[in-house]
Amino acid sequence: GDSVTQMEGPVTLSEEAFLTINCTYTATGYPSLFWYVQYPGEGLQLLLKATKADDKGSNKGFEATYRKETTSFHLEKGSVQVSDSAVYFCALSASLSGGSYIPTFGRGTSLIVHP
Amino acid sequence: EAGVVQSPRYKIIEKKQPVAFWCNPISGHNTLYWYLQNLGQGPELLIRYENEEAVDDSQLPKDRFSAERLKGVDSTLKIQPAELGDSAVYLCASSPRGGGPTDTQYFGPGTRLTVL
């Protein structure tokens, strides 16, 4: 079945540092790729997505590029803020037979940003 | 626009007792998802509805779990009887009509279940 692998956390950074959170996937179909973020005490919310190869999703200074050749969708931000502290989930969703699809999530990577 | 509403937010029960969770999706969202999230893990799909039809339920443990979405709006997920291993957060999400796997999902805050 489909799967998503994320780097282990927590990732601890100082404010204004560069962030990379690695995400790789395996999928039998041609998936759409997502990053969701969960801030403390809140539900998951979409951060960005990409639906075809070489697409770049971006939002709030975060970026990720759909790399089909390396089956990756790494999340990056040039300068993190304390308010970016959260858990980040990489996810995919690919069409299966008969209109079926099963969204698949990674285990999440906790980001802690210190002032 | 109101978000996805779930209730209760927290539930503590004894093992072998029944429990039910309720979800009201964003108005106009035809697709509704129920997920289970264990501590330190990502959400795992239990069931997906398109309107009132369950279209992906292969991961729902049907011996003890059931779900319904009778009028294609709100939904209920039930466990009967609950086991210790069912302790987790149960998430509901919804997405707009028709987009399929490219759709953005909108998540509720979840129900944290503790089975003693």
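Residues numbered from 1 in each chain as written. Chains lettered and ligands numbered in written order. Predicted model: local features only at pLDDT ≥ 70, side-chain atom pairs only at ≥ 80, totals over all residues. Heavy atoms only, no water.

### Focus on empty space enclosed by the protein
At step 1: Evaluated as defined, the whole model comprises 1 cavity of 30 Å³ or more.
At step 2: By volume, the largest cavity is sized at about 50 Å³.
At step 3: For the largest cavity, the lining is made up of 13 residues, of which A:Phe34, A:Ser93, A:Pro103, B:Asp103 and B:Gln105 are closest to its centre.
At step 4: Counting only elements with at least two residues in the lining of the largest cavity, the list comes to β5 (32-38) and β10 (86-93) of chain A.
At step 5: For the lining of the largest cavity, the leading source of residues is β10(A), giving 3 residues.
At step 6: Residue classes in the lining of the largest cavity are distributed as 9 nonpolar, 3 polar and 1 charged. (1 Å grid on protein atoms, 1.4 Å probe; cavity = no way out; pocket = protein on both sides within 12 Å on 5 of 7 lines; lining within 4 Å. Points joined across faces, edges and corners; volume = space filled by probe spheres on them. Helix = DSSP H or I, 4+ residues; strand = E, 2+ residues; numbered from the N terminus. Nonpolar A, V, L, I, M, F, W, Y, C, P; charged D, E, K, R; others polar.)

### Quick notes on the packing of aromatic side chains
At step 1: For the structure shown, the criterion picks out 11 aromatic pairs over all chains.
At step 2: Here A:Tyr25 and A:Tyr66 contribute two aromatic rings whose centre-to-centre distance is 6.3 Å and whose plane-to-plane angle is 75°, an arrangement assigned as edge-to-face. Residue A:Tyr25 is found in strand β4 (residues 23-26), and its partner A:Tyr66 is found in the loop between β8 (62-65) and β9 (75-77); the two are separated by 41 residues along the sequence.
At step 3: Residue class for A:Tyr25 comes out buried when judged on its relative accessible area of 7%.
At step 4: Their ring planes at 35° and their centres at 5.6 Å tell us that B:Tyr35 and B:Phe107 sit as a pair that is tilted. With a gap of 72 residues between them, B:Tyr35 in strand β4 (residues 31-37) and B:Phe107 in strand β10 (residues 106-107) connect regions that are remote in the sequence. (Phe/Tyr/Trp six-rings, centres within 6.5 Å; stacked < 30°, edge-to-face > 60°. Buried < 20%, exposed > 50% of the residue type's maximum accessible area, 1.4 Å probe, protein only.)

### Re the state of the cysteines
At step 1: Tallied over the entire structure, the rule returns 2 disulfides over all chains.
At step 2: Residue pairing for A:Cys23: its cysteine sulfur links by disulfide to A:Cys90, the two sulfurs lying 2.0 Å apart. Here the S-S torsion is close to -70°, and the disulfide linking A:Cys23 with A:Cys90 is therefore left-handed. One end of the pair, A:Cys23, is in strand β4; the other, A:Cys90, is in strand β10, and 67 residues separate them in sequence. Exposure class is identical for A:Cys23 and A:Cys90. Each is buried.
At step 3: Each sulfur in the disulfide pair B:Cys23 and B:Cys92 lies 1.9 Å from the other. Between B:Cys23 and B:Cys92 the disulfide shows an S-S torsion of about -70°. By sign, it is left-handed. (Disulfide = S-S within 2.5 Å.)

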